[in-house]
Amino acid sequence: MSFTLQSLGLTHTNGHVALADITLSASQGESVALIGPSGAGKTSLLHAIGTALPPTSGSLTVLGQSAWRSSAAQRALRARIGTVHQAVPIPPRQRVVTAVLAGKLGQWPVWKSLLSLLHPQDMAGARAALERVHLADKLFARCGQLSGGQLQRVGIARVLYQEAQLILADEPVSALDPTLALETVQLLVQEAKARNATLVASLHSVELALRCFERVVGIREGRIVFDVPAAQVSADQLQALYAAQPRVEAPSCAAKVVAAGLAMPAHGCR
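Just so it is clear, the structure is predicted and the values come from calculations on it, not from any experiment.

### Section: the pairing of strand β7 (residues 166-170)
Here is step 1 of the chain: Taking burial as the measure, the five residues of β7 include five buried ones, the bulk of the element.
Here is step 2 of the chain: Of the two faces of β7, the one holding L166, L168 and D170 and the one holding I167 and A169 are both buried throughout.
Here is step 3 of the chain: Relative to strand β8 (residues 198-202), β7 runs parallel, the two sharing five bridges. Bridge assignment links D170 to a residue of β8, and that residue is S202.
Here is step 4 of the chain: Remark: the β7/helix α7 (residues 178-195)/β8 crossover connection has right-handed handedness.

In structure tokens form, the structure reads like this:
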């Protein structure tokens, strides 16, 4: 298993229950989409899987290890986990090449990591990762000069360069237009599948979740509502998940693609 959560709960210091009795696991190489209304607990679940937030109850095993054994073990484990943030935490004055190479900081020796801050150690590797998200021309740009969507793609390029065994993506394409969002999610799914890495992504777009992922987990009020193959998600399940939210119809992938004038993805999306 890539990760296993057993009866996991997370309560913040202010008493807010973010997650309650979460039992969830994924095999190595699976692609899993997390969907649900805003505030449902999707981001908290990603943080728990990524060992950024210790649970208040239950247990968690990630990449064959029990989390929080020791500081050294946790650092080694996190070096194997790649995270794509909705708002990428990159200093505005940092060069794009440096931001991408930061993906390997947990794997490089300290001397190489420090040297790379002064003189990028693998410009060819950074350029190759940026080419995959159509940003090779921004290699030496400062991150503060980029748009929100470009910064999200820099964050994705960093994870591609990292070659993580577990990829956690929190609304990774929220700032992208629909065509580029589809292409970028497809890239993440393909990359994970090609390297037998596990991908877990939270998405506001139900359509992207159903089209591009093998499995969909619906979350509401910190609890799992359903966990099924994407092809088995029903309109009734979606309506229950988003009750009191704007009505969500189960989209027909082919009809949506034709209506939008987009080409059907060749790999990774239905």
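### Regarding the sheet that holds strand β10 (residues 223-229)
What links the strands of a sheet is backbone hydrogen bonding, and the strands pair in either a parallel or an antiparallel sense.
Here is step 1 of the chain: Across the sheet, six strands lie side by side as β6-β7-β8-β3-β9-β10; this open sheet has mixed pairing. Every other strand in the sheet has two partners, leaving β6 (81-84) and β10 as the edge strands with one partner each. Taking each pair of neighbouring strands and ignoring which way they run, the sheet shows an average axis angle of 15°.
Here is step 2 of the chain: Strands β6 and β7 of the sheet are contacted by helix α6 (residues 148-162), whose axis makes an angle of about 170° with β6.

### A closer look at the sheet that holds strand β1 (residues 3-11)
Here is step 1 of the chain: Taken in spatial order, the four strands of this open sheet run β2-β1-β4-β5, and their pairing is antiparallel. Every interior strand has two partners, whereas the edge strands, β2 (17-26) and β5 (65-66), have only one.
Here is step 2 of the chain: Taken together, the two bridges between strand β4 (residues 57-62) and β5 define a ladder with antiparallel strand orientation. In the strand pairing of β5, T61 is matched with S66.
Here is step 3 of the chain: Contacts from helix α1 (residues 42-49) reach β1, β2 and β4 within the one sheet, and its direction differs from that of β2 by about 55°.

### Things to note about the side chain of S44
Here is step 1 of the chain: With respect to the helices, strands and loops of the structure, S44 is situated in helix α1.
Here is step 2 of the chain: Aside from chain neighbours lying at most four places away, what touches S44 is L10, H12, A18 and L19.

### Focus on the packing of α6 against α7
Here is step 1 of the chain: Interaxial distance between α6 and α7 falls to 11 Å at its minimum, and their mutual angle equals 10°. Accordingly, the angle class assigned to the pair α6 and α7 is roughly parallel. Read as a crossing pair, α6 and α7 show a hand that is left-handed. Between α6, through R153, I156 and L160, and α7, the contact on the second element is made entirely by L180, T184, L187, L188 and E191.
Here is step 2 of the chain: Residue composition of the contact of α6 with α7, by class: five nonpolar, one polar and two charged.

### Re the nonpolar core
As a rule of thumb, soluble globular proteins bury nonpolar side chains together.
Here is step 1 of the chain: Counting residues in each nonpolar core, the largest one holds 58 residues, and the members touching the most others are I35, V100, V154, F213 and V216.
Here is step 2 of the chain: When residues of this core are assigned to their parent elements, the largest contribution, eight residues, is made by α7.
Here is step 3 of the chain: Excluding residues that lie within four positions of it along the chain, I35 makes contacts with K42, L203, V206, A209, V216, V217, G218, I219, F226, L238, L241 and Y242.

### Structural notes on the pattern of salt bridges
Here is step 1 of the chain: Under the counting rule described, the total for this entry stands at six salt bridges.
Here is step 2 of the chain: A salt bridge links E191 to R195; the shortest N-O distance between them is 2.6 Å. Of this pair, E191 and R195 are both found in helix α7, four residues apart, which corresponds to roughly one turn of the helix.
Here is step 3 of the chain: Among the salt bridges present, the one from R211 reaches E207, with a minimum N-O distance of 2.5 Å. One end of the pair, R211, and the other, E207, are both in helix α8 (residues 206-212), four residues apart, so they sit about a helical turn from each other.
Here is step 4 of the chain: By relative accessible area, which is 4% here, R211 ends up buried.

### A few points about the packing of aromatic side chains
Here is step 1 of the chain: Inspection of the entire model under this criterion finds zero aromatic pairs.
Here is step 2 of the chain: Over the ring of Y161 we find K104; its NZ or CZ atom is 4.3 Å from the centre of that ring.

### Focus: the environment of A157
Here is step 1 of the chain: Relative to the helices and strands, A157 is located in helix α6.
Here is step 2 of the chain: Note: C-alpha distance between A157 and A129 (28 residues apart in sequence) is 5.1 Å.
Here is step 3 of the chain: The contacts of A157, once residues within four sequence positions are left out, are V100, A129, L130 and V133.

Rules of the game
- Residues numbered from 1 in each chain as written.
- Predicted model: local features only at pLDDT ≥ 70, side-chain atom pairs only at ≥ 80, totals over all residues.
- Heavy atoms only, no water.
- Buried < 20%, exposed > 50% of the residue type's maximum accessible area, 1.4 Å probe, protein only.
- Helix = DSSP H or I, 4+ residues; strand = E, 2+ residues; numbered from the N terminus.
- Pairing = 2+ DSSP bridges.
- Right-handed = clockwise from strand over helix to strand, strands pointing away.
- Axes fitted to C-alpha atoms, helices over the stretch in contact; angles between N-to-C directions.
- Contact = heavy atoms within 4.5 Å.
- Parallel < 35°, antiparallel > 145°, perpendicular 65-115°, else oblique.
- Left-handed = near helix turned anticlockwise from the far one by under 90°.
- Nonpolar A, V, L, I, M, F, W, Y, C, P; charged D, E, K, R; others polar.
- Core = buried A, V, L, I, M, F, W, Y, C linked by side-chain atoms within 4.5 Å.
- Salt bridge = Lys/Arg side-chain N within 4 Å of Asp/Glu carboxyl O.
- Phe/Tyr/Trp six-rings, centres within 6.5 Å; stacked < 30°, edge-to-face > 60°.
- Lys NZ or Arg CZ within 6 Å of the ring centre and 35° of its normal.

That's the geometry; what it means functionally is another story.
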